[in-house]
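Structural overview for review
As a plain string of letters, each chain reads:
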Amino acid sequence: MRWKILLTDGLAPISDQDLLSSVEVTDRKGISAEDLLGVIGDYDAVIVRGRTKITDQVLSTAENLKVVGRMGVGVDNIDLQAAKAHDVTVVNAPVATTVSVAELTFGLMLSLIRGIPKADAGMKAGEWLKKELVGTELYQKTLGVIGFGNIGEAVGRRALAFDVKVIAYDPIRPAEEIQSAGAQPANLETLLKESDLITLHIPHIDTTHHLLDEEAFNLMKNQVRIVCAARGGVIDEKALLAALESGKVAGAALDVYEKEPPEESPLPMHPKVISTPHIGAQTKEAQLRAGHDILSEVVAALEGDPLRWKIV
C-alpha cells in the first residue's frame, strides 16, 4: 500500500528510495488555509512546518487523516487536543535542527557582546568605529540557559569550551542529567539573578507565555544580555523594550518574535537589538536531516511501527 502524504510547506530532497517506495507525496507548498480544507480529506498524512495551522476545523474535515508530522521541534501550530479527539497521531523531528540552532545561538551571543554587526555596518559605510566598539568577553561569565533539552544542552556544552559557567533551569529534566552535561541546575529566580547572559530554548505554551516579563527583568543583573532563538511569545516584548530603554538590559539578540514578520514591533530596529528572521533551522544540513526524520517518522506511524518522537 502506498500512503498518500501532503506537504504544505515543502520538504528537503529525500534520497532514501526504500522510504519513498511506500508513499505517494504531493507537494502543495504555500497552500492556503481555505484550499487545505478542500483537499485534506484525500490524504493519510500531512507534513507541515510552522506556517500551516492544523486546527480543529482542518482535523474535522480530514476524514482519512491518520498522522500530522511537524518538520522541526515546535508543535504550537497544531491543535493537539483536537488531534487526540480525532485519533490523529502527531509526530515531530526534534533533534534534526539541534546543531543549527545551537550554533546560531552562539553566533548571536558573540555578535551581541562584541558589536560585530555594528562594526561591519560601520566598515561598509566607510567608518572606523574602533574606539566606540569596546565589547566584553564570554570568559568566566555566567550563562543562564532556560530550557535544557536537546538545544539548550548543546548550547551549554559549547559554552563550556569558552570557560563559561553554565546554570540551567528546566522544570522537567532531572538535576543529575543537567549536572552530567556540565551545567549547574537552578530554579528560575536564581538563574535570573545570577546570569550575565540568558538564552532561552523552550516552546511557547501556556506555562511559558511571557516567561520573561517585567517582574523577571527586574530580578536580573544590570546590563544583562538576552538571546532568544526559541519561539516568539516566551518574552514579553513590551517588557524587553522597557528594559532596553532603561539600561537594565544591555542588549538582546532575537531570531523569533511574537508576530512574524514583526512588522509593527520596534525591537528589530532598536540600536541595542540584533535581529534575524527566524533562521535557526535554516541550514542545508538541518533541512536534510529534518526532511528524512519527519518522513520516516510519519511512515512509521502510518504502518504501526515504534515511534521515536510521538507528541500525541
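Scroll up a little and you will see the structure.
This section reports on the structure supplied with the text. (Residues numbered from 1 in each chain as written. Predicted model: local features only at pLDDT ≥ 70, side-chain atom pairs only at ≥ 80, totals over all residues. Heavy atoms only, no water.)

Attention shifts here to the overall build of the chain. Along the backbone of the chain there are 12 helices and 12 strands. Relative to the compact-globule value of 20 Å for 312 residues, the chain shows a C-alpha radius of gyration of 21 Å, a close match. Overall, the chain is about 65 × 50 × 35 Å in size when its C-alpha atoms are taken along their principal axes. Here the chain, with 312 residues, has 49% of them falling under the buried criterion. Restricting the contact set of the chain to residue pairs at least 6 apart, pairs at least 24 apart contribute 59%. For the chain, the exposed surface amounts to about 15,500 Å²; the carbon and sulfur share of it is 51%. Here the chain contributes 32 positive and 44 negative side-chain charges, whose respective centroids are spaced 6 Å apart. (Helix = DSSP H or I, 4+ residues; strand = E, 2+ residues; numbered from the N terminus. Rg over C-alpha atoms; globule rule 2.2 N^0.38 Å. Buried < 20%, exposed > 50% of the residue type's maximum accessible area, 1.4 Å probe, protein only. Contact = heavy atoms within 4.5 Å. Areas by Shrake-Rupley, 256 points an atom, 1.4 Å probe, with all protein chains shown as cover. Lys, Arg positive; Asp, Glu negative; His and termini not counted. Charge placed at Lys NZ, Arg CZ, Asp CG, Glu CD.)

Let's shift gears to the sheet that holds strand 11 (residues 249–254). Judged by pairing direction, the sheet is parallel, and its 7 strands sit side by side in the order 8-7-6-9-10-11-12 without closing on themselves. At either margin of the open sheet sits one strand with a lone partner, and together these are strand 8 (184–185) and strand 12 (273–275). Taken strand by strand, helix 5 (residues 98–114) contacts strand 6 (142–146), strand 9 (197–200), strand 10 (224–228), strand 11 and strand 12, and its axis lies near 150° from that of strand 10. (Pairing = 2+ DSSP bridges. Axes fitted to C-alpha atoms, helices over the stretch in contact; angles between N-to-C directions.)

Viewed as axis vectors pointing N to C, helix 5 and helix 7 (residues 150–160) meet at an angle of 50°, and their least axial separation amounts to 9 Å. What the angle tells us is that helix 5 and helix 7 run oblique. The handedness of the crossing between helix 5 and helix 7 is right-handed. Contacts from Thr98, Val99, Val101, Ala102, Glu103, Thr105, Phe106 and Met109 in helix 5 reach Asn150, Ile151, Ala154, Val155, Arg158 and Ala159 in helix 7. (Parallel < 35°, antiparallel > 145°, perpendicular 65-115°, else oblique. Left-handed = near helix turned anticlockwise from the far one by under 90°.)

Attention shifts here to the packing of aromatic side chains. All told, the structure shown has 1 aromatic pair when counted by the stated rule. Between the NZ or CZ atom of Lys4 and the centre of the ring of Tyr43, over which it lies, the distance is 5.5 Å. (Phe/Tyr/Trp six-rings, centres within 6.5 Å; stacked < 30°, edge-to-face > 60°. Lys NZ or Arg CZ within 6 Å of the ring centre and 35° of its normal.)

Here the focus is the side chain of Asn92. Following the sequence through the fold, Asn92 ends up in strand 5 (residues 89–92). Here the side chain of Asn92 touches Val73 through a polar contact of 2.9 Å, landing on its backbone oxygen. Residue contacts for Asn92: discarding those within four places in its chain leaves Arg70, Gly72, Val73, Val75, Ile294, Glu297, Trp309 and Ile311. (Polar contact = N/O pair within 3.5 Å; in protein donor to acceptor, adjacent residues only side chain to side chain.)

According to the stated counting rule, one finds 11 salt bridges in the structure shown. Between Lys193 and Glu189 there is a salt bridge, with its nearest N and O atoms 2.8 Å apart. Residue Lys193 and its partner Glu189 are both found in helix 9 (residues 188–194); the two are separated by 4 residues, about one turn of the helix. A relative accessible area of 42% means that Glu189 is categorised as partly exposed. In this structure, Asp196 engages Lys221 in a salt bridge whose closest nitrogen and oxygen atoms are separated by 2.9 Å. One end of the pair, Asp196, is in the loop between helix 9 and strand 9; the other, Lys221, is in the loop between helix 10 (214–219) and strand 10, with 25 residues separating them in the sequence. The class of Lys221 is partly exposed, set by a relative accessible area of 31%. Linked by salt bridges that have partners in common, Glu153, Arg157, Arg173 and Glu177 make up one network. (Salt bridge = Lys/Arg side-chain N within 4 Å of Asp/Glu carboxyl O.)

Burial within strand 11 is extensive, with 6 of its 6 residues counted as buried. As defined by bridge partners, strand 10 adjoins strand 11 across 5 bridges and the pair is classed as parallel. Looking at the pairing, Val224 lines up with Val249 of strand 11. Inspection of the sheet shows strand 11 paired to strand 12 by 3 bridges, in the parallel sense. By the bridge assignment, Ala253 is partnered in strand 12 with Ile274.

In this structure, Ile146, Leu200, Leu212, Phe217, Ile226, Ile235 and Leu240 are the most contacted members of the largest nonpolar core, which totals 30 residues. Only helix 9, strand 9, helix 10, strand 10, helix 11 (237–246) and strand 11 provide two or more residues apiece to this core. Top element by residues in this core is helix 11. It accounts for 4 residues. Residues contacting Leu240, with those up to four places away along its chain left out, are Phe217, Ile235, Val249, Ala252, Leu254 and Leu267. Judged by nonpolar contacts, the second largest core, of 27 residues, contains Leu143, Phe148, Ile151 and Ala154. (Core = buried A, V, L, I, M, F, W, Y, C linked by side-chain atoms within 4.5 Å.)

Turning our eyes to something else, we now look at the sheet that holds strand 2 (residues 23–27). Hydrogen bonds between backbone atoms are what pair the strands of a sheet, whose relative direction is either parallel or antiparallel. Strand order in the open sheet formed by 5 strands is 2-1-3-4-5, with parallel pairing between adjacent strands. Where the open sheet ends on each side, the last strands, each with one partner, are strand 2 and strand 5. This sheet shows a mean twist of 20° between the axes of neighbouring strands, independent of strand direction.

In short, shape yes, function no, at least from these values alone.
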